[in-house]
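# Observations on the model geometry
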Amino acid sequence: MITNHSVASIIDAKVLQKGEQITINYISTDSRTIVSGQESLFFALVSERNDGHNYLRKAYDKGVRSFVISNEKKNISGFPDANFLLVENTLNALQRLSQSIREKFQGNVIGITGSNGKTIVKEWLSELLVDDYRIIRSPKSYNSQVGVPHSIWLLDNDADMAFIEAGISQPGEMEKLEKIIQPRYGIITNIGEAHQSNFESLEQKVEEKLKLFKNSEVIIYRKDYPVIDQAVQKMVENNEVFAVSWSMMDETADLFIYFVQKIPEGCGIIGQVQDKQYAISIPFSDDASVENAVTCLAALIAIGKDQDQILERFSTLQPIAMRMEMKQGINNCIIINDSYNSDLNSLSIALDTLDQQASQDFMPKTLILSDIYYSSKNDEELYTEVAQLVKLRSIERFIGIGSNLKRNRHLFADNAQFFSSTADFLAKFPGMGIQNEIILLKGARDFHFDQIASVLQDKAHETVLEIDLSAMVKNLNYFRSKLKPETKIMVMVKAFSYGSGMAEVSRLLEFHQVDYLAVAIADEGVALRKAGISIPIVVMNPEEHSFDMLFEHLLEPNIYSTRLLDQFLLSAQRNAVCNFPIHVKIDTGMKRLGFESEEEIRYLLEKVKRGNVLHISSIFTHLAASDDPEHDGFTQIQFHRFEKLAKIVQDSTNYKVLRHVLNSAGIERFTNNQYEMVRLGIGLYGVSQTKESKVYDVSTLKTTISQIRNIPKGETIGYGRKGIATSDIKIATLPIGYADGFNRRLSNGVGKVWINDQLAPVIGNVCMDMCMVDVTGLDVNEGDRVIVFGKDHPASEIAKSLDTIPYEIFTSVSQRVKRVYFQE
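Attention here is on the structure that accompanies the text. This is a predicted model, so every value here is computed, not measured. (Residues numbered from 1 in each chain as written. Predicted model: local features only at pLDDT ≥ 70, side-chain atom pairs only at ≥ 80, totals over all residues. Heavy atoms only, no water.)

A few words now on the packing of aromatic side chains. Applying the stated criterion across every chain yields a total of 22 aromatic pairs. On the numbers, 6.1 Å between centres and 40° between planes, the contact of Tyr-373 with Phe-447 is tilted. Separated by 74 residues along the polypeptide, Tyr-373 in the loop between strand S17 (365-370) and helix H12 (379-392) and Phe-447 in the loop between strand S20 (438-442) and helix H15 (450-456) bring together distant segments of the chain. Taken together, the ring pairs connect Phe-42, Tyr-60, Phe-67, Phe-79 and Phe-84 into an aromatic cluster. Above the plane of the ring of Phe-79 lies Arg-57, whose end atom (NZ or CZ) is 4.3 Å from the centre. Across the ring face of Tyr-696, the terminal group of Lys-474 is positioned such that the distance to the ring centre comes to 4.9 Å. (Phe/Tyr/Trp six-rings, centres within 6.5 Å; stacked < 30°, edge-to-face > 60°. Helix = DSSP H or I, 4+ residues; strand = E, 2+ residues; numbered from the N terminus. Lys NZ or Arg CZ within 6 Å of the ring centre and 35° of its normal.)

This is how it looks when you write it as structure tokens:
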């Protein structure tokens with residue numbers, strides 16, 4: 001048992017303020033995801049962009065009374081009854097605490113690292129062994145300097161073994177993780193290019209990763225990667241470790257795989273260790289799955305868990321859901337589907353997403369949960385914790401499915417509902433009145449929650465736009481890395497968030513603490529307020545008829561002319577508002593909207609100073625060509641014009657007025673002009689104008705092949721008979737047309753789609769709801785997935801074909817196309 005008092009000696013901390021002694025059951029580094037504050041120890045981590053000391057009050061307000069800080073100057077007098085421990089470095093302290101947890105764990109720890117496959121290997125090994133052993137494993141991909149301590153915190157001496165992931169992005173990190181994980185057995189999956197720019201060579205990266213196993217007894221690896229093989233052999237020669245290798249090419253490997261037979265339904269694999277033969281079958285046939293499965297086999301042999309009944313389970317391995325999907329549901333519900341991963345730790349993580357999308361309790365939260373199989377706890381302990389989570393997370397409707405949950409129903413609130421099976425739930429579903437709720441599906445695979453998801457999700461045609469929220473967060477953090485810590489960020493979510501879905505994206509941005517959102521018109525802002533968004537929202541194109549909506553919903557207008565100023569001031573006086581925030585637009589060369597002269601600015605200031613009705617929150621301008629080096633001279637002229645007029649405003653007010661000029665391209669190219677705020681737009685959605693950019697694709701527009709037809713030479717295809725078969729050809733009809741946002745100008749070979757790693761040109765005219773593509777010579781079948789734009793076929797390529805910009809491609813996707821959101 002660890003208390004907030006005993007932890008001081010573990011992390012070598014100075015007690016600044018001593019509060020009541022409390023047993024610590026949770027560690028927290030994020031004030032947004034605190035579950036039970038009273039039982040939590042909050043570490044105020046400090047990074048280049050953020051400082052956890054700024055969130056002490058938020059954590060305190062959530063019930064936290066135990067803190068670890070590194071800023072001795074932080075005023076803690078406003079935190080009565082709290083326990084404060086001072087350390088030199090809070091991350092080091094967190095890692096020292098987790099190291100002490102690891103040293104008390106008596107089970108076997110298997111450390112897993114590598115560039116790809118480590119999460120799948122971890123999950124599959126757990127699945128293969130869970131029926132015979134009590135297993136603990138890292139939640140999701142908690143493998144970083146902060147994630148590993150959270151994983152180690154879960155260690156429980158009731159467990160037999162633990163599988164812990166470790167990932168690094170630069171030299172020096174793995175040595176810290178090794179002290180925390182201290183693996184008896186080690187697995188390195190493979191080596192790739194991820195984070196390669198931070199290492200001098202591939203050899204250096206392998207050496208760094210293998211430092212995880214410098215005190216291990218055994219390391220398991222694939223001998224077919226020469227750079228890994230050489231590094232491991234060097235460790236063996238130095239008597240640092242015993243190696244268990246496997247190979248498909250080298251018969252000297254400890255496990256030699258000499259037979260792999262792939263069929264559509266799966267794959268048979270046969271290998272040999274000395275005189276013993278191993279034969280397994282897996283329900284997958286792709287190369288990555290074969291490699292991951294053989295790595296698991298080698299690991300089982302190495303740790304002595306290669307009994308026949310365990311090896312037979314390879315045939316029932318399930319695909320690992322590496323992402324959580326969010327879809328529009330029936331009856332105005334939102335469905336979060338994480339139904340292929342069920343344990344207590346992943347449940348807590350999924351509930352974080354539920355809270356994020358519920359947006360400050362605007363939507364009632366529902367949890368549909370199956371029996372949990374992955375746990376070292378007995379049922380009473382396990383479901384007591386589940387019931388506590390349900391209560392702490394304010395779940396309005398809890399539905400438990402499975403005999404174990406039903407047997408422990410006494411632990412839950414009286415209004416909780418329980419069903420013996422998924423079929424039992426589906427039979428009762430029509431009369432349950434589920435509507436206007438955000439629903440999390442969390443079920444073990446045996447319960448087939450895909451059937452529940454199918455019933456709950458809104459039916460739509462087979463063309464969908466997938467939105468990768470994890471990639472969006474990475475893009476946000478990339479642009480933040482270009483800014484000073486104090487620089488604020490306004491994010492453009494106008495035009496349905498560039499086609500990505502306004503409410504869903506805005507909830508994500510609010511959770512990740514952007515400072516402002518910006519919309520085009522008042523109606524968009526009202527929709528966000530009705531969706532529960534509470535952070536400041538700027539309306540870039542306010543109209544006189546919408547002024548009352550601005551006041552009612554606290555939407556802040558962009559004032560760009562003396563006429564608009566007079567109209568809005570008069571309306572503000574009629575509504576008896578005081579210091580209502582406005583944002584002032586200056587035209588420095590765009591010639592679209594904005595004040596241009598000193599006289600106009602002084603007129604504005606004179607009006608604002610009267611009566612304290614309005615308050616200037618920011619002053620800004622638009623750059624005309626920030627993405628084009630050819631016009632950098634003009635961009636500098638715009639900066640000069642802006643600073644001249646902005647100074648008049650700042651000198652004439654007795655409060656701070658924010659300045660902002662940079663858009664996405666500007667953030668990347670003119671970081672010295674970030675002022676007090678920037679406006680992030682298209683960059684958030686994965687489009688950049690610089691070759692060095694590290695943005696990720698966010699949107700993927702997908703459809704399917706409805707029908708395949710053979711067309712003889714001389715026949716015509718589509719309206720107007722514009723498509724002509726100049727030879728015998730094969731075409732595929734796709735359920736996407738110009739009403740979905742697939743531009744009609746993409747007809748007759750202008751546009752192309754991506755099918756099974758190949759481009760297929762459009763043939764004939766694009767129809768309203770369909771189009772046809774030439775798939776002659778391609779190995780395709782009806783029902784195959786088709787990428788209209790995405791990672792392999794970027795929207796920028798379509799934009800070039802149409803002589804336009806990616807903005808138009810994204811915003812043209814019709815709202816009848818279902819949006820599917822997912823997070824890694």
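Let us now look at the pairing of strand S8 (residues 161-165). Counting buried positions over the five residues of S8 gives five, a clear majority of the element. What you see with S8 is no split at all: Met-161, Phe-163 and Glu-165 on one side and Ala-162 and Ile-164 on the other are buried throughout. In terms of strand pairing, strand S6 (residues 108-113) meets S8 through five bridges, oriented parallel. In the strand pairing of S8, Gly-111 is matched with Ile-164. Sheet topology note: the strand S7 (residues 135-137)/S8 ladder contains three bridges and is parallel. Bridge assignment links Ile-135 to a residue of S8, and that residue is Met-161. (Buried < 20%, exposed > 50% of the residue type's maximum accessible area, 1.4 Å probe, protein only. Pairing = 2+ DSSP bridges.)

Before going further, it helps to examine the pattern of salt bridges. In the structure shown here, the tally under the stated rule is 40 salt bridges. A salt bridge links Arg-745 to Glu-808; the shortest N-O distance between them is 3.9 Å. Of the two residues, Arg-745 sits in the loop between strand S34 (729-734) and strand S35 (752-755) while Glu-808 sits in helix H26 (residues 806-811), which places them 63 residues apart along the sequence. Residue Glu-808 is classed as partly exposed on the basis of its relative accessible area, which comes to 31%. Among the ionic pairs, Lys-800 bridges to Glu-797, the shortest N-O distance being 3.8 Å. Residue Lys-800 and its partner Glu-797 are both found in helix H25 (residues 795-801); the two are separated by three residues, about one turn of the helix. (Salt bridge = Lys/Arg side-chain N within 4 Å of Asp/Glu carboxyl O.)

All right, on to the sheet that holds strand S13 (residues 266-273) then. One open sheet accounts for nine strands, arranged S7-S8-S6-S9-S10-S11-S12-S13-S14; its pairing is mixed. Single-partner strands in this sheet number two, and they are S7 and strand S14 (276-282). Strand-to-strand twist of the sheet, defined as the mean angle between neighbouring strand axes without regard to direction, takes the value 20°. Bridge count between S13 and S14: seven bridges; the pairing is antiparallel. Looking across to S14, one finds that Ile-269 is bridged to Ile-280. Relative to the sheet, helix H8 (residues 226-237) contacts strand S9 (185-188), strand S10 (218-222) and strand S11 (242-247), its axis offset from that of S10 by approximately 160°. (Axes fitted to C-alpha atoms, helices over the stretch in contact; angles between N-to-C directions. Contact = heavy atoms within 4.5 Å.)

Here we take up the environment of Leu-41. Tracing the sequence through the fold places Leu-41 in strand S3 (residues 40-43). Each C-alpha atom, one on Leu-41 and one on Ala-59, is 9.8 Å from the other, the two residues being 18 residues apart in sequence. Other than its neighbours up to four places away in sequence, Leu-41 contacts Val-7, Ile-24, Tyr-26, Ile-27, Ser-28, Ser-66, Phe-67, Val-68 and Leu-97.

The twelve strands lie next to each other as S19-S18-S17-S20-S16-S15-S39-S21-S30-S38-S35-S36, forming an open sheet whose pairing is mixed. Because the sheet does not close on itself, it has two edges, and the strands there are strand S19 (417-419) and strand S36 (758-761). Taken over all neighbouring pairs, the strand axes of this sheet differ in orientation by 25° on average, direction set aside. Against the sheet, helix H11 (residues 344-358) contacts strand S15 (324-328), strand S16 (334-337), S17, S20 and strand S39 (818-823), and its axis sits at roughly 165° relative to S20.

A word on the nonpolar core. In globular proteins that are soluble, nonpolar side chains generally tend to be buried together. Membership of the largest hydrophobic core comes to 140 residues, with the highest contact counts inside it found for Phe-412, Val-493, Leu-517 and Leu-614. If sequence neighbours within four positions are ignored, Phe-412 has contacts with Tyr-383, Val-386, Ala-387, Val-390, Phe-398, Leu-405 and Phe-418. Counting residues in hydrophobic clusters, the runner-up holds 49 residues, among them Ile-2, Val-87, Leu-94 and Leu-177. (Core = buried A, V, L, I, M, F, W, Y, C linked by side-chain atoms within 4.5 Å.)

What follows deals with the packing of helix H22 (residues 598-609) against helix H23 (residues 632-651). Interaxial distance between H22 and H23 falls to 10 Å at its minimum, and their mutual angle equals 25°. Taken together, H22 and H23 sit at an angle that is classed as roughly parallel. Here H22 and H23 pass one another in a crossing that is right-handed. Two secondary-structure elements touch here, H22 through Glu-598, Ile-601, Arg-602 and Leu-605 and H23 through Lys-644, Leu-645, Ile-648 and Val-649. Class assignment of the residues belonging to the contact of H22 with H23 gives a composition of five nonpolar, no polar and three charged. (Parallel < 35°, antiparallel > 145°, perpendicular 65-115°, else oblique. Left-handed = near helix turned anticlockwise from the far one by under 90°. Nonpolar A, V, L, I, M, F, W, Y, C, P; charged D, E, K, R; others polar.)

This paragraph deals with empty space enclosed by the protein. Within this structure, the stated rule accounts for three cavities of 30 Å³ or more. Computed from the structure, the largest cavity encloses a volume of approximately 100 Å³. Every residue lining the largest cavity is listed: Leu-701, Gly-741, Phe-742, Asn-743, Leu-746, Val-788, Phe-789, Ile-798, Leu-802, Glu-808, Ile-809 and Ser-812. Elements supplying a minimum of two residues to the lining of the largest cavity: strand S38 (785-789) and H26. Of the residues belonging to the lining of the largest cavity, the class tally is eight nonpolar, three polar and one charged. (1 Å grid on protein atoms, 1.4 Å probe; cavity = no way out; pocket = protein on both sides within 12 Å on 5 of 7 lines; lining within 4 Å. Points joined across faces, edges and corners; volume = space filled by probe spheres on them.)

This part covers the pairing of strand S18 (residues 397-401). Counting buried residues along S18, five of its five residues qualify, which places the element largely inside the surrounding structure. Burial along S18 is two-sided: Arg-397, Ile-399 and Ile-401 facing one way and Phe-398 and Gly-400 facing the other are all buried. Pairing of S17 with S18 involves five bridges; the strand directions are parallel. By the bridge assignment, Thr-366 is partnered in S18 with Arg-397. Read from S17 through H12 to S18, the crossover connection turns out right-handed. (Right-handed = clockwise from strand over helix to strand, strands pointing away.)

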